[in-house]
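Close look at the chain arrangement
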Amino acid sequence: MPTGSSTREVMGAGRCRLSKIGATRRPPPARVRVAVRLRPFVDGTAGASDPPCVRGMDSCSLEIANWRNHQETLKYQFDAFYGERSTQQDIYAGSVQPILRHLLEGQNASVLAYGPTGAGKTHTMLGSPEQPGVIPRALMDLLQLTREEGAEGRPWALSVTMSYLEIYQEKVLDLLDPASGDLVIREDCRGTILIPGLTQKPITSFADFERHFLPASRNRTVGATRLNQRSSRSHAVLLVKVDQRERLAPFRQREGKLYLIDLAGSEDNRRTGNKGLRLKESGAINTSLFVLGKVVDALNQGLPRVPYRDSKLTRLLQDSLGGSAHSILIANIAPERRFYLDTVSALNFAARSKEVINRPFTNESLQPYVLGPVKLSQKELLGPPEAKRARGPEEEEIGSPEPMAAPASASQKLSPLQKLSSMDPAMLERLLSLDRLLASQGSQGAPLLSTPKRERMVLMKTVEEKDLEIERLKTKQKELEAKMLAQKAEEKENHCPTMLRPLSHRTVTGAKPLKKAVVMPLQLIQEQAASPNAEIHILKNKGRKRKLESLDALEPEEKAEDCWELQISPELLAHGRQKILDLLNEGSARDLRSLQRIGPKKAQLIVGWRELHGPFSQVEDLERVEGITGKQMESFLKANILGLAAGQRCGPS
């Protein structure tokens, strides 16, 4: 078995996420640091007089008996080893306290307590009133650092917030607000893991922290087993966020997060005696810890896929393992021989974890400073030439050769440039970078954001003119688009086919009234032609002109195409309606399909409606059939009546 002393610094190098700032260079690697703590024998434990199975060699290495060969030992080397007599202060000062300074630099940090059940993880993280653990000590020092760095006169203003959650049976529960239910874990566009809806409490002192943390700790799920009377049945995560805002230009903003994680211990149900709910809890704990081991192995082997999403725990620890945090893993082990297999498993996991590579970076962004409203006088708005003309005669005689001194505060210096508050952050960052570059090169000109008043007024006037020009062009573009749409609509209306609709009325310059052509059945026309006084007009199409031929007259009368309209004879309309009504009441679906504009689907609808409601009383009742509208009804009547005129079959077969 390897001793765990070798390290591979290239592992996991490609799995980090870089922020927008500093994307030009890769952040330096930072290996996960691993510390091992050996708890003392528990009082009253059977076999406490037996020698321990683990022995420390120095402050960084230990050895454990080899279960394959009792005459040999397995040696492990880590970043730190704390023996049975080590105190809470030794562990905190040696491993945890050095990473707190990274939070003030806008970087993330995490502390994980790992080990089997009953190994002392919760004692290491929480401790007792007499021996406080990592969490109270870290919060006390962190709040003291933020008070010192955020004091008046310092360049940064700092604020601290806390959140407390547990992962119980793959459910993310808010311990500060237990009624919120199961929360979801999300990832934003920058790769940052976040939990929407998680409660955040601002804290300014250690008393504020205790007021929120102590009641929330009582909401954590614990239970009794054979090995531990108060065994943690969930993974607890305390998230402390430090926000920093720069008081002066360029008004940068930093954010550092501290994860303090108390993992639930792996359990052997044969020794714990878990049944029912405890057995289900143990299964969820062991599954999440198994996925945690798979994540560490995938990072060490450089696999293309790391199974972060296979568990809520690993999803939340994505930033701590292979991400952008300074991570500390405290592996807790027990000296008793009955915990030998659990101890070997914990040491092997710790040895693999120390080879994981993180790449911390500074979470920094540039926020535009929100300027207050500034009232400019009429003279400042008009500019120097206009202001001189606007002054009175007395003011013109006296004059003001020297401008007033500008105020010293940064906000007043920037006050005339009102566009800065609404400017794009990327553009503002480029302007500020250009200003710093000019200052570093020793430019003789005035800085970009501290120009004299006259130059600022000219700059503002130029910007306003450009804005007006842009608005004018946008208005002109909208007018042109509206005009084009109107022309297209008019062209479409003019070219619309009107085969079965009455011809539109047009203005005719002639004095003669319009005549109408009536379409009638051929037999009826022949009968009427036999009578001597009958005069029937038939509409014929011959090229571009139409001729009106009289059966009695021999000379055709030419008329313009615009002087004719199409009408259906009332007798033909009544006759066609009766034919259609008989077909609707007596015809089958096949007979109904002989009608124009009636397909198989509508024929089935008509037959079904007739069976359900009885025969049709009139043709207009067809509108009550589902799927046939009034507009379709009108075209249906005209098409079928014209079909009758043409001699098509219209009746039951």
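From a predicted model like this one, the values you see are computed outputs, not experimental measurements.

1. Considerations on the UniProt feature "coiled-coil region" (unreviewed entry) in the protein chain
Under the UniProt annotation, "coiled-coil region" (unreviewed entry) lies at residues 463-490. For residues 463-490, helix accounts for 100% and strand for 0%, while the C-alpha atoms at its two ends are 41 Å apart.

2. Considerations on the environment of valine 34
Checked against the element boundaries, valine 34 lands in strand 2 (residues 33-38). Residue classification places valine 34 among the buried positions, given a relative accessible area of 1%. Setting aside its immediate chain neighbours within four residues, valine 34 contacts Phe78, Asp79, Ala80, Leu329, Ala350, Ser353 and Lys354.

3. As for the UniProt feature "binding site: ATP" (unreviewed entry) in the protein chain
UniProt records the feature "binding site: ATP" (unreviewed entry) at Gly115, Pro116, Thr117, Gly118, Ala119, Gly120, Lys121 and Thr122, using the numbering of this structure. By the element assignment, glycine 118 lies in the loop between strand 7 (108-114) and helix 2 (121-125). Apart from residues no more than four positions distant in its own chain, glycine 118 is found in contact with Arg39 and Asn228. With respect to the helices and strands, threonine 122 occurs in helix 2.

4. Structural notes on the side chain of threonine 343
Position of threonine 343 relative to the elements: it lies in helix 8 (residues 340-353). With near-sequence residues (within four places) excluded, threonine 343 lies in contact with Val54, Ile64, Ile333 and Ala334.

5. Details of the packing of aromatic side chains
Considering all chains together, one arrives at 6 aromatic pairs under this definition. Relative to phenylalanine 78, the ring of tyrosine 76 has its centre 6.1 Å away and its plane inclined at 5 degrees; by these criteria the two rings are stacked. On the basis of an interplanar angle of 20 degrees and a centroid distance of 4.7 Å, the ring pair of tryptophan 609 and phenylalanine 616 is categorised as stacked. The exposure class of tryptophan 609 is buried, given its relative accessible area of 12%. Clustering of aromatic rings is evident, with ring pairs tying together Tyr164, Phe206, Phe209 and Phe213.

6. Regarding helix 18 (residues 600-613)
Compared with an ideal rise of 1.5 Å per residue, which puts 14 residues at 20 Å, helix 18 spans 20 Å between its outermost C-alpha atoms and is within 8% of the ideal. Those residues of helix 18 not exposed but buried are Ala603, Ile606, Val607, Trp609 and Arg610. Mapping the buried residues of helix 18 onto a view down its axis gives an arc of 160 degrees, with all of them on the same face. Exposed residues lying more than 90 degrees from the buried face of helix 18 are Pro600, Lys601, Glu611 and Leu612. In this structure, the buried side of helix 18 is in contact with helix 16 (570-586) and helix 17 (589-592). Looking one or two residues past helix 18, glycine 614 carries a phi angle of roughly 95 degrees, positive in sign.

7. So, the sheet that holds strand 5 (residues 73-77)
With antiparallel pairing, 3 strands are arranged side by side in an open sheet as 3-4-5. At either end of the open sheet lies a strand with only one pairing partner, and these are strand 3 (54-56) and strand 5. Averaged over neighbouring strand pairs, the angle between their axes works out to 25 degrees when direction is ignored. Pairing of strand 4 (residues 61-65) with strand 5, which is carried by 5 bridges, proceeds in the antiparallel orientation. When the bridges of strand 5 are listed, serine 61 appears paired with glutamine 77. In this fold helix 8 packs onto strand 3, strand 4 and strand 5, with an angle of close to 145 degrees to the strand it touches most, strand 4.

8. Considering the pattern of salt bridges
Tallied over the entire structure, the rule returns 19 salt bridges. Put simply, glutamate 364 and arginine 252 hold a salt bridge, and the shortest N to O gap is 3.8 Å. Of the two residues, glutamate 364 sits in strand 19 (residues 364-366) while arginine 252 sits in strand 16 (residues 252-262), which places them 112 residues apart along the sequence. Here arginine 252 falls in the partly exposed class, since its relative accessible area comes to 25%. As a salt-bridge pair, lysine 294 and aspartate 310 come within 3.9 Å of each other at their nearest N and O atoms. Of the two residues, lysine 294 is situated in helix 6 (residues 277-301) and aspartate 310 in the loop between helix 6 and helix 7 (312-316); the sequence distance between them amounts to 16 residues.

Criteria and cut-off values
- Residues numbered from 1 in each chain as written.
- Predicted model: local features only at pLDDT ≥ 70, side-chain atom pairs only at ≥ 80, totals over all residues.
- Heavy atoms only, no water.
- UniProt positions renumbered as here; feature names shortened; annotations may be inferred.
- Helix = DSSP H or I, 4+ residues; strand = E, 2+ residues; numbered from the N terminus.
- Buried < 20%, exposed > 50% of the residue type's maximum accessible area, 1.4 Å probe, protein only.
- Contact = heavy atoms within 4.5 Å.
- Phe/Tyr/Trp six-rings, centres within 6.5 Å; stacked < 30°, edge-to-face > 60°.
- Expected span 1.5 Å × (residues − 1).
- Arc of directions from axis to C-beta.
- Pairing = 2+ DSSP bridges.
- Axes fitted to C-alpha atoms, helices over the stretch in contact; angles between N-to-C directions.
- Salt bridge = Lys/Arg side-chain N within 4 Å of Asp/Glu carboxyl O.

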